[in-house]
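# Observations on the three-dimensional arrangement
For reference, the chains in residue letters:
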Amino acid sequence: MRKPSKRSSFAIGVIAAYLISVLTIQLASSGGPIQPEDFPETCPENSLNCSMIGPNTYRSDGLTELRFSSSLETVMSESRYWIDSQPRTETIGKWTDQTHSVFTSLFFRFQDDFVVKGFCEDGDAVIHVYSKSRVGISDIGANKDRVASFASHMSNVEMATSDCVTP
């Protein structure tokens, strides 16, 4: 029987290391949906893997909310449309006023939580957004970019005008 070459042994080692890394990341990334009553108030202090549009804005260009002259149902539906259009995304929790999705990176399969919470205030639909990596200390800007992309989409989409009422 022929002995494997150094090249093939190296390649097998690299593949094995990759598979072990992905498996370890998946095991460390487990978690269930964030319930509406548990929507995070803030990102961790000095976090490099979290972004939030809300009263305690963080890594989101100072946005404290996204506000629309439309029904909460319409706004949440458009939020879900954007989420569903993103690659490697799974919705793990869906309520009338909140959606929790998980975005998965391509290469190492890192998972990021993405939560959109909506409510009515003064006749407008208002949404807050929370996006955070499940593991690691940095997201290389992925959550900040994701929140910015979402905010841009929501700000540019046309929605039927109406007073917001909670369904």
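Whatever comes next refers back to the structure up there.
Attention in this report is confined to the structure presented alongside it.

Conventions adopted
- Counting restarts for each chain: residues are numbered from 1 in the order of the written sequence.
- Residue-level local features of this predicted model are given only where pLDDT is at least 70; pairs of side-chain atoms are given and counted only at 80 or more, and the full residue set underlies all totals for whole chains, interfaces and linings.
- By convention in this description, side-chain values take in all heavy atoms of the structure and omit both hydrogens and water.
- Each helix is a run of H or I in the DSSP string that is no shorter than four residues. Each strand is a run of E no shorter than two, and both are numbered from the N terminus.
- Taken over C-alpha atoms, the radius of gyration is set against a globule rule of 2.2 Å times the number of residues to the power 0.38.
- Exposed residues in this analysis have more than 50% of their type's maximum accessible area, buried residues have under 20%, and partly exposed residues fall in between, with area computed by a 1.4 Å probe over protein chains only.
- Lines fitted to the C-alpha atoms define the axes, with helices restricted to the stretch that makes contact. Angles between their N-to-C directions range from 0 to 180 degrees.
- Relative orientations are named as follows: roughly parallel for angles under 35 degrees, roughly antiparallel for angles over 145 degrees, roughly perpendicular for angles from 65 to 115 degrees, and oblique for any other angle.
- By definition, turning the near helix anticlockwise from the far helix through less than a right angle yields a left-handed crossing, and turning it clockwise yields a right-handed one.
- Contact criterion: two residues are considered in contact whenever any of their non-hydrogen atoms come within 4.5 Å of each other.
- Only Asp, Glu, Lys and Arg are considered charged, only Ala, Val, Leu, Ile, Met, Phe, Trp, Tyr, Cys and Pro nonpolar, and every remaining residue, Gly among them, polar.
- Two rings from Phe, Tyr or Trp (for Trp, the six-membered ring) form a pair when their centres sit within 6.5 Å of each other. Planes less than 30 degrees apart are called stacked, planes more than 60 degrees apart edge-to-face, and all others tilted.

### As for the overall build of the chain
The helix and strand tally for the chain stands at three helices and six strands. In sequence order, the chain lays out its α and β elements as α-β-β-α-β-β-β-β-α. Here the chain has a C-alpha radius of gyration of 20 Å; the compact-globule value for 167 residues is 15 Å, and the former is much larger. In terms of its C-alpha atoms, the chain occupies a principal-axis envelope of roughly 75 × 30 × 25 Å. Taking all 167 residues of the chain together, the buried fraction comes to 40%.

### Details of the packing of helix α2 (residues 72-84) against helix α3 (residues 142-156)
Where α2 contacts α3, the two axes come as close as 10 Å, and the packing angle between them is 130°. As the angle between them shows, α2 and α3 are arranged oblique. Judged by the sense of rotation from one axis to the other, the crossing of α2 with α3 is right-handed. In contact with Val75, Glu78, Ser79, Tyr81 and Trp82 of α2, α3 contributes Arg146, Ser149, Phe150, His153 and Met154. Residues of the contact of α2 with α3, tallied by class, amount to five nonpolar, three polar and two charged.

### Describing the packing of aromatic side chains
Taken as a whole and assessed by the stated rule, the structure comprises six aromatic pairs. Ring geometry for tryptophan 82 against phenylalanine 150: centres 5.2 Å apart, planes inclined by 70°, an arrangement best described as edge-to-face. Separated by 68 residues along the polypeptide, tryptophan 82 in helix α2 and phenylalanine 150 in helix α3 bring together distant segments of the chain. Just as tryptophan 82 is buried, phenylalanine 150 falls in that class too. Centre to centre, the rings of phenylalanine 114 and phenylalanine 150 are 5.4 Å apart; their planes meet at 75°, and the pair counts as edge-to-face.

The values are spatial; any link to function lies outside them.
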